[in-house]
Amino acid sequence: MRDAGQAAELAARVSYGRLLAYLAARWRDVARAEDALGDALLAALETWPRTGVPDNPVAWLLTAARRRLVDGARHAGVAAAAEADLKIMLDERADASPAAFPDERLALLFVCAHPAIDEAARTPLMLQTVLGLDAARIASAFLVAPATMSQRLVRVKAKIREAGIRFEIPAPGELAARLDAVLEAIYAAYGSGWEDVAGSDPRRRGLAEEAIWLGQLVARLLPDEPEAQGLLALMLYCEARRAARRDAAGAYVPLGFQDLRRWSRPMIEEAEEVLAGAARLKAAGRFQLEAAIQSVHAQRVRTGETDWEAVTLLYEGLLRHAPTMGARVAHAAALGEARDAEAGLAALDAIPPDEVATYQPYWALRGHVLKALGRAAEAGEAYERAIGLSEDPAVRAFLLGRRA
Amino acid sequence: MQYTILVYTTALREAGVMVGGAGLEPPPTATTVRQPGGKRRVQDGPFADTKEQLGGYYVIDVPDLDRALEWAARCPSAATGAAEVRPNLRM
């Protein structure tokens, strides 16, 4: 019983995005494809404990989901029924090799990044469809209420269907313009997986790897797009440090204290290679700059030191390309290291307070620099705000230790 | 303007995507009817007094939004104002 449930969960986790992209592309309807796939998963949970897990669970799910779609189309009316019959014919031909159904995930990514789609909904839609994140998790990543996020996603799926957006990878001429939104979404997915260091959240398990996989796919498809290469390099640098971010007891280890033997050298080397390739294309951009910052940190493996002047300079460049809150706070941290805590605090003070009310890294860094300046009471207050904003218990424990 | 519209319409026809459409006389020629609760009210002028006015429409048959947007971008009114694309209601 449990085995069947686990097999269904595994099949869904490994192949959800691929199945959904294929079904959505064939039926040009994301919402119906999702419903059908959801039904197929439920059917698997009911059937497999009785009949045993099929030899090819993914093909089983695909067939079950396809049947739902065809039945639904039959019910929808005569005209749709003819269309459904045609689809069955085509699908039966595809059944000859069920394991080899085409990978439409990249096409789906570009549909989600279509200019006809509300900009605020693009990344959430990609996370939900291609990577299978649920609306509640996406809502928390985007700081909106789960109900609002669900409605937004329902609305854009209706738009995709009703407006008839093409399920294709765009022609070379338009492709670059839509790439930004695709890269943003992949990075957001990676960020979501990165937060879950311990791998304790089943909804996020493997998300970082999935994001890297998508990054590799896009980088391979667009070898002349420096930002696609830059994003891949950035994710590889960060991923190389994953094992070092917690000690043996599971406690949080900040970057400066990480055990360099636990950094993955092969992954750093791969990142260096990708970033060097991007640099040869001679068009700087946000992701390349972020990757370059991580590259400076990675040098510590060789030199044992961090060139904070270089990091500060790169953050200044990054702020010109993408003045995000994350970059502003990280720039302040770099200044604090390159110059002194006073300079770091001045950079933090330059950020409008109402924009950082719920931004955890700001308060953690503020506590850090105030403590370095000997302003213990204020440091304590800042740490307390940071602790209140930390979801991860290991981070909370670390901050509690710093506050003491 | 007249001439470019003609050229554009010809292009639509020759591509075999043209289904129908019409150019409209300007808004001052409009008459608007409202019949709330069965009581007819006839009024001079367009139903919405906006800066941008509907100048005409084309009905075209293309497989997807992207093809429709390509055609809309070539419409002379896209250069001077805007071209809005909407799917037909399926009936």
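Since the structure is predicted, the reported quantities are computational estimates derived from the model, not experimental observations.

Rules and cut-offs
- Residues numbered from 1 in each chain as written.
- Chains lettered and ligands numbered in written order.
- Predicted model: local features only at pLDDT ≥ 70, side-chain atom pairs only at ≥ 80, totals over all residues.
- Helix = DSSP H or I, 4+ residues; strand = E, 2+ residues; numbered from the N terminus.
- Rg over C-alpha atoms; globule rule 2.2 N^0.38 Å.
- Buried ≥ 20, exposed ≤ 12 C-beta atoms within 10 Å, placed from the backbone.
- Contact = placed C-beta atoms within 7 Å.
- Domains from an automatic or database assignment.
- Pairing = 2+ DSSP bridges.

1. Some thoughts on the overall build of chain A
Scanning chain A from terminus to terminus reveals 20 helices and zero strands. In terms of overall size, chain A behaves like a compact globule, its C-alpha atoms giving a radius of gyration of 24 Å where 404 residues would be expected to give roughly 22 Å. Taken across its 404 residues, chain A has 39% of its residues classed as buried. Residue pairs in contact within chain A that sit at least 24 positions apart in sequence constitute 61% of those at least 6 positions apart.

2. Some details on the environment of Ile169 of chain A
Residues and elements named next belong to chain A. Within the secondary structure, Ile169 is located in the loop between α8 (146-163) and α9 (172-195). Considering only alpha carbons, one finds Ile169 and Leu42, 127 residues apart in sequence, at a separation of 31 Å. Residue contacts for Ile169: discarding those within four places in its chain leaves Leu106, Ala107 and Phe110.

3. Comments concerning the domain arrangement of chain A
Segmentation of chain A into domains returns domain 1 (2-103), domain 2 (109-157 + 180-189) and domain 3 (224-293). On a C-alpha basis, the centres of domain 2 of chain A and domain 3 of chain A stand 25 Å from each other.

4. What to know about the pairing of strand β1 (residues 18-23) of chain B
Residue and element names in this part refer to chain B. Of all six residues that make up β1, zero are buried, and the element is exposed over most of its length. Bridge count for β1 against strand β4 (residues 56-60) is five bridges, and the pairing is antiparallel. Bridge assignment links Gly21 to a residue of β4, and that residue is Tyr58.

5. Overview of the pairing of strand β3 (residues 41-44) of chain B
Residues and elements named next belong to chain B. In this sheet, β3 lies alongside strand β2 (residues 31-34) in antiparallel orientation, the contact comprising four bridges. Its bridge partner being in β3, Val33 is matched across the sheet by Val42. Turn length for the β2-β3 hairpin, with the two strands adjacent in sequence and antiparallel, is six residues, and the turn residue Gly37 shows positive phi of about 60 degrees.

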